[in-house]
Amino acid sequence: MLHLSHFVVFIVFPILFLSDSIQWTNFTQNSYFMKNSDLLAIAKTYGDPVYVYDSEKIISQFNRLTNAFNTVKHLKLNYAAKALSNIAILKLMNSLGSGLDTVSIQEVQLGLLAGFEPSSIIFTPNGVSLEEIEEASSLGVRINIDNLSILEQFGSKHPNVPVCIRINPHVMAGGNANISVGHIDSKFGISIHQIPHLLRIVSVTNMNINGIHMHTGSDILDIDVFLYASEILFDTAKNFKNLDFIDFGSGFKVPYKEGDIETNIEELGSKLSTRFNDFCKEYGKDLTLAFEPGKFLVSDAGSFLAKVNVVKQTTSTVFASIDTGFNHLIRPMLYGSEHHIENISNENGRERFYSVVGYICETDTFANNRRISEITEGDILSFKNAGAYCFTMASNYNSRFRPPEVLWHNGEAVLIRARETFEDLTKNQVDVKDLFKKEAPVLTE
Ligand SMILES: Cc1ncc(COP(=O)(O)O)c(C=O)c1O
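Owing to the predicted nature of the structure, the values given are computational and were not obtained by experimental measurement.

Some details on the overall build of the protein
In step 1: Check the secondary structure of the protein and you find 14 helices and 18 strands.
In step 2: Residue pairs in contact within the protein that sit at least 24 positions apart in sequence constitute 69% of those at least 6 positions apart.

Written out as structure tokens, the structure reads:
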């Protein structure tokens, strides 16, 4: 049973047990990571700005996570498509044996297009209509429901369709308020305090609950967050007799800048696997342990390349203005995220302080007073950790084209999305022809 004291301990001391601070070696010392000379060649061929992803890095992260849980009999990683949904990336995930975590009917359709079996796709939306859930269900994908209203409606109409339930465990976890989604004020999941109501709905509709799920937030530093919230999930799971899987969501933190800490996946794997295996014995069945990682799999694989248009010395600062903005990479402005920036045109130059800014017509700052190798106009800057929530959040704001995406695979660059054109900007707009005629102004006396 859970007691109030659990919540207090959890909320008051959420980050006491940080994983070790890691050495910042990823960018320069991984033999499999693309070299800066490769990136420069890609910028030259495909122009800038451009997103580049290293498939080997994605594969190595997938294997690392799988290995961390190698004592669990049935493990399923469902890649969170929202992080990076290019079809080539989805195909790569499918080839690795990953499932797919989706949040919209369009992501479901992209997954099917990429070749995923419907049963390998799980639909975990929030606040969508019953019709959208029914459409996904009719395509054969697994359904995860996160509110009692839709649960009751769906269960009444489709009692034979197995359903997973997203629980809100009421834990405060995540790197910032926008990505902390498992706390008591969050819109996500069904509160653990509503389990009695949930059980009544399940019993009245006679529906079958085949999975229990939670996702508490992204950028969680502390593995005890996972372990603590897992206990809540195990407690909840005992209420359901026909489970096939328990889905622990995601939220693994990856390092973004020098000295950053990351979730200690190996320690989490060892501790959670032991606990999960014990739970399965207690439950009387070998359940599947599922995760839905996004950032962990693709963040570090991505680089975003942009050219410096102007170096502008003001009385207080040196600005490096680049040929992109928050229309293409919004995380710094949206979350205050700090992406490591390298001047790959002058890797070993003397370091100076720069504020790196975009071309959007409002505050558009990527980095303030950041130490970067001396910049000359025309240099290419490389933003690291640009794989997750970067291109997928890009827009056409200021009527700019979204950049191309290139996959670095087996030592070769493959274009996986072309740069947009003026036609892309206008193709869905309707020409109103002569709706507005030029009229002579009416003069008042
Ligand atoms: C339900 C759900 N699952 C998985 C993820 C992926 O999280 P991350 O990218 O931190 O691994 C998210 C991210 O928003 C999410 O909302």
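So much for the structure itself; the text now carries on.
A word on the nonpolar core
In step 1: Judged by nonpolar contacts, the single largest core of 105 residues is most densely connected at Val52, Ile165, Leu233, Ile246 and Val356.
In step 2: Considering every element that reaches this core, the biggest residue donor is helix 10 (residues 223–237), with 8 residues.
In step 3: Looking at which domains feed residues into this core, each of domain 1 (55–297) and domain 2 (302–420) supplies at least three.
In step 4: Excluding anything up to four places from it in sequence, Val52 contacts Leu39, Ile42, Gly302, Ser303, Leu305, Val406 and Trp408.

Details of the packing of helix 8 (residues 148–157) against helix 9 (residues 195–205)
In step 1: In contact at an axis separation of 9 Å, helix 8 and helix 9 are set at 10° when each is read in the N-to-C sense. Relative to helix 9, helix 8 is oriented roughly parallel. Contacts from Leu148, Leu151, Glu152, Gly155 and Ser156 in helix 8 reach His197, Leu198, Ile201, Val202 and Thr205 in helix 9.
In step 2: Looking at the contact of helix 8 with helix 9, its residues break down into 5 nonpolar, 4 polar and 1 charged.

Describing the environment of Ala237
In step 1: Mapped onto the secondary structure, Ala237 falls in helix 10.
In step 2: Using a count of 21 C-beta atoms within 10 Å as the deciding quantity, one classes Ala237 as buried.
In step 3: It is 6.5 Å that separates the C-alpha atoms of Ala237 and Ile212, two residues lying 25 residues apart in sequence.
In step 4: For Ala237, the contacting residues outside a window of four places in its chain are Ile212, Leu243, Ile246 and Tyr283.

Brief notes about the pairing of strand 5 (residues 142–145)
In step 1: Neither face of strand 5 is open: one carries Arg142 and Asn144, the other Ile143 and Ile145, and all of them are buried.
In step 2: Two elements, strand 4 (residues 121–123) and strand 5, share 2 bridges in a ladder whose sense is parallel. Opposite Ile122, over in strand 5, you have Arg142 as the bridge partner.
In step 3: The parallel pair strand 4 and strand 5, bridged by helix 7 (residues 130–138), forms a crossover whose chirality is right-handed.
In step 4: With 3 bridges connecting them, strand 5 and strand 6 (residues 163–168) associate as parallel partners. Within the sheet, the bridge partner assigned to Ile145 lies in strand 6 and is Ile165.

Details of the pairing of strand 11 (residues 302–313)
In step 1: Looking at chain direction, strand 1 (residues 50–54) and strand 11 are connected through 4 bridges and run antiparallel. Across the sheet, residue Tyr53 finds its bridge partner in strand 11, namely Gly302.
In step 2: Two strands pair when backbone bridges link them, and strand 11 and strand 16 (residues 380–383) are joined in this way by 4 bridges, in the antiparallel orientation. Within the sheet, the bridge partner assigned to Ala306 lies in strand 16 and is Leu381.
In step 3: The pairing of strand 11 with strand 12 (residues 318–322) spans 5 bridges and is classified as antiparallel. Each residue of the ladder has a partner; that of Val308, found in strand 12, is Ile322.
In step 4: Hairpin geometry of strand 11 and strand 12 is characterised by an intervening segment of 4 residues between the two adjacent antiparallel strands.

Digging into the confidence of the model for the protein
In step 1: Taken over all residues, the pLDDT of the protein has a mean of 89, while the share at 70 or more is 88%.
In step 2: Note on residues 1–30: pLDDT is under 50 here. Beyond four places in sequence and across chains, it has 37 contacts.

Here we look at helix 5 (residues 87–95)
In step 1: Turning to helix 5, its buried residues number three or more, namely Ile89, Leu90, Leu92 and Met93. Down the axis of helix 5, the buried side of the element spans an arc of 155°, and every buried residue falls inside it.
In step 2: One or two steps after helix 5, the chain reaches Gly97, where phi turns positive at roughly 95°.

Quick look at the environment of Glu377
In step 1: As for its placement among the helices and strands, Glu377 is situated in the loop between strand 15 (365–373) and strand 16.
In step 2: Classification of Glu377 by C-beta neighbours within 10 Å gives exposed; the count is 12.
In step 3: On a C-alpha basis, the gap between Glu377 and Lys312 in space is 9.7 Å, while along the polypeptide they are 65 residues apart.
In step 4: Those residues in contact with Glu377, other than ones at most four positions away along the chain, are Val308, Asn309, Val310 and Val311.

Conventions used here
- Residues numbered from 1 in each chain as written.
- Predicted model: local features only at pLDDT ≥ 70, side-chain atom pairs only at ≥ 80, totals over all residues.
- Helix = DSSP H or I, 4+ residues; strand = E, 2+ residues; numbered from the N terminus.
- Contact = placed C-beta atoms within 7 Å.
- Core = buried A, V, L, I, M, F, W, Y, C linked by C-beta atoms within 7 Å.
- Buried ≥ 20, exposed ≤ 12 C-beta atoms within 10 Å, placed from the backbone.
- Domains from an automatic or database assignment.
- Axes fitted to C-alpha atoms, helices over the stretch in contact; angles between N-to-C directions.
- Parallel < 35°, antiparallel > 145°, perpendicular 65-115°, else oblique.
- Nonpolar A, V, L, I, M, F, W, Y, C, P; charged D, E, K, R; others polar.
- Pairing = 2+ DSSP bridges.
- Right-handed = clockwise from strand over helix to strand, strands pointing away.
- pLDDT = per-residue confidence, 0-100.
- Arc of directions from axis to C-beta.

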